[in-house]
Amino acid sequence: MTIKEIQDSIVEDFSMFDDWMDRYAMLIEMGKECPIIDDKYRDEKHLINGCQSRVWLSAELVDGKVNFAADSDAVITKGIIYLLIKVFSGQTPSDILAADMSFLDEIGLKEHLSPTRSNGLLSMVKQMMLYAEAFKIQSES
Amino acid sequence: MFDVQSIRQQFPVLSQTVYGKPLVYFDNAATTQKPLCVIERERDYYLNENCNIHRGVHYLSQKATEAYENARITVAEFINAPLAHEIVFTRGTTESLNLLATSFEHLFIEEGDKVLVTAMEHHSNLVPWQQMIQRHHGELLVVPMDDEGVLDLNAYQELLKKQPKVVSIAHISNTLGTINPVKEMITMAHQYGIPVVVDGAQSMAHLPIDVQDMDCDFYVFSGHKMYAPMGIGGLYGKTEWLEKMPPYQFGGEMVDTVSFEKTTFNKLPFKFEAGTPNVGAALGLETAVKFIESIDRKAVAEHEDLLLKTAIDGLSQIEGMRFIGQAPHRSGLVSFVINGIHPYDLGTIIDKMGVAVRTGHHCAEPVMTRFGIPGTVRASFAMYNTVEEVEIFVKAVERAANMLR
């Protein structure tokens, strides 16, 4: 699936709920489902700054596509990053860099995009983009 | 008679709804809300009195100067400082502590000197001392605390023997709520001839303060945590100390005479008030002091104790509850974690239920390290909070915990 198709299906999933509690319950469920990151990545180097909870993110390039893995000690944060992983993992660096992130508005997470929010959604997106950028430069050189 | 509803009416911000729910504001240790009288006082200053002070010969300037100096007298009386010039207006606790650390550095800090703080300090009463002492290859001595959040006074006694140059301690811990035995600790330090700074950021709104009875050498506080505007606070210092301390910042009205070769400095307290002060906020602070004094302080303390007790009773019914800070003498706040639940998650969910609390390390990371936790959820109370709000809060925490487990 393309990034856009995945985003559309997430928006569809979230649109079943009007109530914020159900939407958060879904994020919490996603947080619990998020695959555990390999212990070797749970270090300072993979820590994303700007979060009240700790978030570790790793990425590797396999056959021209980026695979992300992440973990957090807070379950909502973990749900949010798992959501981003679903969108970006298995995509090419160029597609990731070109992605439109407005789907976050549609699922009611826009408030989390502000730079002052302590969960650091913005930092997570930025970090993923940075990985994509690095892989792109690497593969072009 | 203490009537919480009539007090609430003076705080318009409290009557709003957030996400469609009535706001429950339990982040008072971060900043309190402001009563109408304080807001109106500052507004009135800008509507009718705004002027730069101390140097103008004209009517408005003299009037504003008089108002500002009267505010100083009101604050001095509030904490029973013997002399008004012993109150220096600052931006708040953090600036007051930076002023002290900087001034002491120039006055008497030598290579290898020590400064003593406690294990429960806010970063503002830790980092200025740490950075200053490190410049002189010195050492920060730290009074340890037990699992309840009570300072170890025997260890304190032993640390005093290492002759720190200054002792700086929180009156009330912003994370644990512990009320420290500052009077006793000051007496102990004075036996070694060591001056004591008391960080009163969390105490001014909750406890009657008497700097003479306490016999502290310095007392520092923030206006915005005691119903006053942001950007104003103070430093009380004994005259004998303030006289010999060098200025912290330079320029503006803190000077006496200036030539290219030499500058002499103004008398107390102006020596420490460089630049144009926040006159409007100082007047707001004066009004906040009068507001606090206008309400039966004993009744307020009893009311806040009831809120705390109700919160602790309710929260202790929740599975996995662990209170951080259980000192016998505490004030104004409850800090906790729930096993298996990150404070950030809990705070995020109860925010959606209209409850404003603080989550995280509360600018006291060493305290979190001491208890081996990433942070806590902290609910802190003010006189305008109600038992009903505490009940809403407890239910919200319970509901969130069930969602997150």
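Residue numbers run consecutively from 1 along every chain, following the written order of its sequence. Key to labels: chains lettered from A, ligands numbered from 1, both in the order written. This being a predicted model, a pLDDT of at least 70 is required before a residue's local features are given, and a value of 80 or more before pairs of side-chain atoms are given or counted; all residues contribute to the totals for chains, interfaces and linings.

1. Thoughts on the overall build of chain B
Each helix corresponds to a stretch of at least 4 residues labelled H or I by DSSP, and each strand to a stretch of at least 2 residues labelled E; elements are numbered beginning at the N terminus. In terms of helices and strands, chain B carries 14 helices and 17 strands. For the radius of gyration, the atom set is restricted to C-alpha positions; the globular benchmark scales as 2.2 Å times the number of residues to the power 0.38. Taken over C-alpha atoms, the radius of gyration comes to 22 Å for chain B, in line with the 22 Å a tight globule of 405 residues would show. With the principal axes as the frame, chain B shows a C-alpha extent of 70 × 55 × 35 Å. Here chain B holds 405 residues, and the buried ones make up 50% of them. Exposure is read from a count of other C-beta atoms within 10 Å of each residue's own; the residue is exposed at 12 or fewer, buried at 20 or more and partly exposed in between. C-beta atoms are placed from the backbone.

2. What to know about the overall build of chain A
Along its length, chain A carries six helices and two strands. Tracing chain A from N to C terminus, the helices and strands come up as α-α-β-β-α-α-α-α. When its C-alpha atoms are laid out on the principal axes, chain A stretches across 50 × 30 × 25 Å.

3. Points about the domain arrangement of chain B
A common way to report how large an interface is uses the accessible area buried once the components associate. Residue and element names in this part refer to chain B. The domain boundaries here were taken from an automatic or database domain assignment. Structurally, chain B comprises domain 1 (4-30 + 296-404) and domain 2 (39-293). Here domain 1 and domain 2 have C-alpha centroids that lie 28 Å from each other. We call two residues in contact whenever the C-beta atoms placed from their backbones are within 7 Å. Between domain 1 and domain 2, the residue contacts involve 24 residues of the former and 21 residues of the latter. Broken down by secondary-structure element, the contributors of at least two residues to the side of domain 1 that touches domain 2 are α11 (297-315), β14 (333-338), α13 (365-371) and β17 (376-380). Among the residues forming the side of domain 1 that touches domain 2, the class breakdown is eleven nonpolar, eight polar and five charged. Throughout this entry, Asp, Glu, Lys and Arg are counted as charged residues, while Ala, Val, Leu, Ile, Met, Phe, Trp, Tyr, Cys and Pro are counted as nonpolar. The remaining residues, Gly among them, count as polar.

4. Overview of the interface of chain B and chain A
Between chain B and chain A, the residue contacts involve eleven residues of the former and twelve residues of the latter. If you list the elements that add at least two residues to the side of chain B that touches chain A, you get α12 (343-352), β16 (358-360) and α14 (387-404) of chain B. For the side of chain B that touches chain A, the class distribution of residues is five nonpolar, four polar and two charged.

5. With respect to the sheet that holds strand β7 (residues 166-170) of chain B
Residue and element names in this part refer to chain B. Strand order in this open sheet of seven strands is β4-β10-β9-β8-β7-β5-β6, and the pairing throughout is mixed. Every other strand in the sheet has two partners, leaving β4 (87-90) and β6 (139-143) as the edge strands with one partner each. Averaged over all neighbouring strand pairs, the angle between strand axes comes to 20°, with direction disregarded. In this sheet, β7 lies alongside strand β5 (residues 114-118) in parallel orientation, the contact comprising two bridges. Pairing of Leu116 across the sheet is with Val167, part of β7. Note on pairing: DSSP must find at least two bridges between two strands before they are called paired. Note on definitions: angles span 0 to 180 degrees between N-to-C directions of axes, and those axes are lines fitted to C-alpha atoms, for helices only across the stretch in contact.

6. Quick word on the sheet that holds strand β13 (residues 321-323) of chain B
All names here are of chain B. What the four strands build is an open sheet, ordered β13-β14-β17-β16; its pairing is antiparallel. Either end of the sheet is taken by a strand with one partner, and the two such strands are β13 and β16. For this sheet, the mean inter-axis angle between neighbouring strands, taken without regard to orientation, is 30°. Both β13 and β14 contribute to a ladder of three bridges, which runs antiparallel.

7. Here's the deal with the environment of B:Asn70
All names here are of chain B. Its place among the elements puts Asn70 in helix α3 (residues 59-78). By the C-beta count within 10 Å, which is 14 here, Asn70 ends up partly exposed. For Asn70 and Val334, which are 264 residues apart along the polypeptide, the C-alpha to C-alpha distance reads 36 Å.

8. Digging into the pairing of strand β11 (residues 255-258) of chain B
Working note: regular strand, side chains alternate between the two faces of the sheet. Residues and elements named next belong to chain B. Looking at chain direction, β11 and strand β12 (residues 263-265) are connected through three bridges and run antiparallel. From the neighbouring strand, Val255 faces β12, where its bridge partner is Phe265. Remark: four residues form the turn of the hairpin made by β11 and β12, two consecutive strands paired antiparallel.

9. Here's the deal with the environment of B:Leu107
All names here are of chain B. Here Leu107 lies in helix α4 (residues 93-107). Note on Leu107: 13 C-beta atoms within 10 Å, which makes it partly exposed. Considered as a pair, Leu107 and Glu253 are 146 residues apart in the sequence and their alpha carbons are 22 Å apart. Leu107 has contacts with Lys244, Met245 and Pro246, leaving out every residue within four places of it along the chain.

10. Re unusual backbone geometry
All names here are of chain B. Residue Leu268 is joined to Pro269 through a cis peptide bond whose omega torsion reads -5°. Structurally, Pro269 can be placed in the loop between β12 and α10 (279-294). Even without being a glycine, Asp215 presents a positive backbone phi close to 65°. If you trace the backbone, Asp215 turns up in the loop between α8 (211-214) and β9 (218-222).

11. Structural notes on the nonpolar core
All names here are of chain B. We define a nonpolar core as a collection of buried residues of the types Ala, Val, Leu, Ile, Met, Phe, Trp, Tyr and Cys that are connected via C-beta atoms lying within 7 Å of each other. Within the largest apolar cluster, 146 residues are counted, with the highest numbers of intra-cluster contacts made by Tyr219, Leu346 and Phe393. The residue makeup of this core includes at least three contributed by each of domain 1 (4-30 + 296-404) and domain 2 (39-293). Phe393 has contacts with Val24, Phe26, Ala311, Val355 and Ala379, leaving out every residue within four places of it along the chain.

12. Thoughts on the environment of A:Asp43
Residue and element names in this part refer to chain A. Along the chain, Asp43 falls in the loop between α2 (20-33) and β1 (55-62). Since 10 C-beta atoms lie within 10 Å of it, Asp43 is described here as exposed. Through-space distance from the C-alpha of Asp43 to that of Leu57 is 9.6 Å; in sequence the pair is 14 residues apart.

13. Some details on the pairing of β7(B)
All names here are of chain B. Burial analysis of β7 places five of its five residues in the buried class, the great majority of the element. Summarising the sheet, β7 and strand β8 (residues 196-199) pair through four bridges and their orientation is parallel. By the bridge assignment, Ala170 is partnered in β8 with Asp199. The handedness of the β7 to β8 crossover, carried by helix α7 (residues 182-191), is right-handed. By definition, the crossover connecting two strands over a helix is right-handed if that path, from the first strand to the second, turns clockwise as seen with the strands pointing away from the viewer.

14. Focus on helix α3 (residues 75-88) of chain A
Residue and element names in this part refer to chain A. In this analysis, the expected span of each helix is defined as 1.5 Å times one less than the number of residues it contains. Over its 14 residues, α3 extends 20 Å from the first C-alpha to the last, a length consistent with the 20 Å expected when each residue adds 1.5 Å. Most of α3 sits inside the fold, with twelve of its 14 residues counted as buried. Considered for burial, the residues of α3 that qualify are Val75, Ile76, Thr77, Lys78, Gly79, Ile80, Ile81, Tyr82, Leu83, Ile85, Val87 and Phe88. The positive-phi residue at the C-terminal boundary of α3 is Gly90, with phi of around 85°.

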